Amino acid sequence: MNDRCEKRMSDVPVLCAACQVRQHGVCAALDTVQLSALSRTSTKKRLDMGSELIGDATVVEGYANILSGVVKLVKGLPDGREQIVGLQFAPDFLGRPFQAESTVTAQAATNVVLCSFPRRSVEALINQSPQLKQGLLKQALRELDGARDWMLTLGRKTALEKVSSYLLLIASASEPAAKPHGEAVEFDLPMTRQEIADFLGLTIETVSRQLTRLRIDGVIRIVQTRHIVVDNPARLRICSGA
């Protein structure tokens, strides 16, 4: 049994074996042969905050797994106005398979690390692997559920609940293993306060007031403007209206 386990581990490509998110993302659905095939065409990329990863209405040439960092999805209007419509975190799959053109702009909200693959390689594997199809479907359904929850946040919650919901979202993504009702969680905000305001449908002054209120109430600590320590995740969840 041990020999067989060691053999299976040795069959995993070096790049994939060292990947910290492989067992939690869509690649977990691939066997060692499929991983090897994909790794031969993959490229690890590091991009700085603000870099454009995918342009709106551009031809889709590849996809990527997010290994670290935060990606924001942006929709624009013809007159130049923009709206952040979603955030993606490790180990999310970035891109929409079998789509000829992108429908959003994806930008690095922080410094990010991606594992990128050519479109043809991924789509060939999707056709071969029911498990990979299922993994991508599960992510799509999670994103749909998340979008519905966010519609409720934007449409019905108070300013304090909106800001708390946003912090809870980042806290959950930053430390997915630590449920945001247990020990303290800390993270860097991946967006400016103006971006947070636009994302929540609030003014920047309102966002600042609510963050100050949470700080005074002892729910969070703010360190150097963008570093947040959630000392009381249970209270943050209550403040979010969840």
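All residue numbers refer to positions counted from 1 along the written sequence of the respective chain. Thresholds applied to this predicted model are a pLDDT of at least 70 for local features of residues and 80 or more for the giving and counting of side-chain atom pairs; totals over whole chains, interfaces and linings are not thresholded and use all residues. The side-chain values count all of the structure's non-hydrogen atoms but skip hydrogen atoms and water molecules.

## Some details on helix α8 (residues 204–216)
Three or four residues apart is the spacing at which side chains of an α-helix point the same way, because the helix has 3.6 residues per turn. Put simply, the test is: The helix and strand labels rest on DSSP assignments: H or I over at least four residues marks a helix, E over at least two residues marks a strand, and numbering proceeds from the N terminus. By this rule, a helix spans an expected 1.5 Å times one less than how many residues it contains. Relative accessibility thresholds used throughout: buried, under 20% of the residue-type maximum; exposed, over 50%; partly exposed, between the two (1.4 Å probe, protein chains only). The arc in question is traced by the directions running from the helix axis to the C-beta atoms. Any two residues whose heavy atoms approach within 4.5 Å are treated as being in contact.
Spanning 13 residues, α8 covers 18 Å between terminal C-alpha atoms, matching the ideal 18 Å at 1.5 Å per step. Where α8 is concerned, the buried positions are Thr 206, Val 207, Gln 210, Leu 211 and Leu 214. Viewed along the axis of α8, the buried residues span an arc of 135°, placing them on a single side of the element. Turned more than 90 degrees from where α8 packs its buried face, Arg 209 and Ile 216 sit exposed. Its buried side turned inward, α8 meets α6 (159–174), α7 (193–200), β10 (220–223) and α9 (233–239). Just downstream of α8 lies Gly 218, where phi reads positive at about 80°.

## Some details on the side chain of Ser 129
For Ser 129, the position within the fold is in the loop between α4 (119–128) and α5 (130–156). You can call Ser 129 buried: its relative accessible area is 1%. Beyond its immediate chain neighbours, meaning those up to four positions away, Ser 129 contacts Ala 29, Leu 30 and Gln 34.

## Some words on the pattern of salt bridges
This is how the line gets drawn: Salt bridges are identified by distance alone: a Lys or Arg side-chain nitrogen within 4 Å of an Asp or Glu carboxyl oxygen.
Overall, the coordinates contain 4 salt bridges when judged by the stated rule. For Asp 79, the salt bridge goes to Arg 81, with nearest N and O atoms at 2.7 Å. When its relative accessible area of 52% is taken as the criterion, Asp 79 is described as exposed. Residue Arg 81 is classed as exposed on the basis of its relative accessible area of 54%. Among the ionic pairs, Arg 221 bridges to Asp 231, the shortest N-O distance being 2.7 Å. Taken together, the residues span a long stretch of sequence, with Arg 221 in strand β10 and Asp 231 in the loop between β11 (227–230) and α9 at a distance of 10 residues. Classification of Arg 221 as partly exposed rests on a relative accessible area of 42%.

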